[in-house]
Amino acid sequence: MKPAFVLRRNNFRDNSLLLDLFTQDEGRISVVARYSKKQAARIKGMLEPFRLLDASWVGRGEVFTLTQTEEKGRYRLQQGALVQGLYLNELFLRAFQTHEPVPELFQGYREVLYTLQAGENLQAVMRLELGLLEACGYSLNLWQEDQAGFELRAELGYRFRPEFGLVIADTVLAEPNDTLISGGLLLALRTPEHMPLAAWRELRFVLDRLWRVLLKGKTLYARQLLGELS
């Protein structure tokens, strides 16, 4: 049995569910869960998003068969916090291929769900987004720019290029996939617990831009419902 969360659930034929699971050791996987009519209410109630499961599965290829599962905990998200949780689930579904292990993110995801039980927390969501982007190769250097290795300066602007990293904005011509980031934000991210509201607002803009580049413009539907910092 291995720890897993349900990211998405769809009906699949008679008495079956098609699940996208986020597992601790194997990343995102797809499984079919079969159940009898007698089991339907219990199984459907357990195999929902934001449930921590112990699960086992068998099979080969892209879709496995769920053989056993036990619920180990559930995170009750409501209103805006529910939207934020669904947004994170959509990011995991779109950013990672199946069978792409990201064990360093499993505990972080669990901790954010725990936090969201108390209500909306966009800052916690954005901090996890930085971890997701880093796992996708979009890591922001918070100490020096990546062209000549000069120390970052708060008064300068920088461009982040996926294939290269940070460059000083004034030293290069703009390219379509560039993301503009202020030096002030990069320095503030060293201690996010002390970041001012203006920096969080800029970070939201930067994250949205980075996701558009990484996902090649694909729509994040839950993002349309995600509230802005106020």
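Refer to the structure presented above.
What comes next concerns the included structure. Keep in mind that what you see is a predicted model, and the values were worked out from it rather than measured. (Residues numbered from 1 in each chain as written. Predicted model: local features only at pLDDT ≥ 70, side-chain atom pairs only at ≥ 80, totals over all residues. Heavy atoms only, no water.)

The next point concerns the overall build of the protein. Of regular secondary structure, the protein possesses six helices and eight strands. In sequence order, the protein lays out its α and β elements as β-β-β-α-β-β-α-α-α-β-β-β-α-α. Expressed as lengths along the three principal axes of its C-alpha atoms, the size of the protein is roughly 65 × 35 × 25 Å. Relative to its 230 residues, the protein shows a buried fraction of 47%. For the protein, long-range pairs separated by at least 24 residues make up 56% of all intrachain contacts whose partners lie at least 6 apart in sequence. When the accessible area of the protein is evaluated, it comes to approximately 12,100 Å², of which 48% is carbon and sulfur surface. On the protein, the mean spot of the 29 positive side-chain charges and the mean spot of the 28 negative ones are 10 Å from each other. (Helix = DSSP H or I, 4+ residues; strand = E, 2+ residues; numbered from the N terminus. Buried < 20%, exposed > 50% of the residue type's maximum accessible area, 1.4 Å probe, protein only. Contact = heavy atoms within 4.5 Å. Areas by Shrake-Rupley, 256 points an atom, 1.4 Å probe, with all protein chains shown as cover. Lys, Arg positive; Asp, Glu negative; His and termini not counted. Charge placed at Lys NZ, Arg CZ, Asp CG, Glu CD.)

Glancing now at the sheet that holds strand β4 (residues 51-58). With mixed pairing, five strands are arranged side by side around a closed barrel as β1-β2-β3-β5-β4. The average angle at which neighbouring strand axes cross in this sheet is 50°, direction not considered. Pairing between strand β2 (residues 16-23) and strand β3 (residues 27-34): eight bridges, direction antiparallel. Directly across from F22, in β3, lies its bridge partner R28. Across the sheet, helix α2 (residues 79-95) lies against β1 (2-11), β2 and β3, angled at about 95° from β1, the strand it touches most. In this fold helix α3 (residues 103-116) packs onto β1, β2 and β4, with an angle of close to 70° to the strand it touches most, β1. (Pairing = 2+ DSSP bridges. Axes fitted to C-alpha atoms, helices over the stretch in contact; angles between N-to-C directions.)

Once that is clear, we can look at the packing of aromatic side chains. In the structure shown here, the tally under the stated rule is nine aromatic pairs. On the numbers, 5.8 Å between centres and 50° between planes, the contact of Y138 with F160 is tilted. With Y138 in the loop between α4 (122-135) and β6 (157-161) and F160 in strand β6, this pair connects stretches of sequence that are 22 residues apart. When its relative accessible area of 11% is taken as the criterion, Y138 is described as buried. Cluster of aromatic residues (ring-pair linked, three or more members): F5, F22, Y75, F92, F96, F106 and Y109. (Phe/Tyr/Trp six-rings, centres within 6.5 Å; stacked < 30°, edge-to-face > 60°.)

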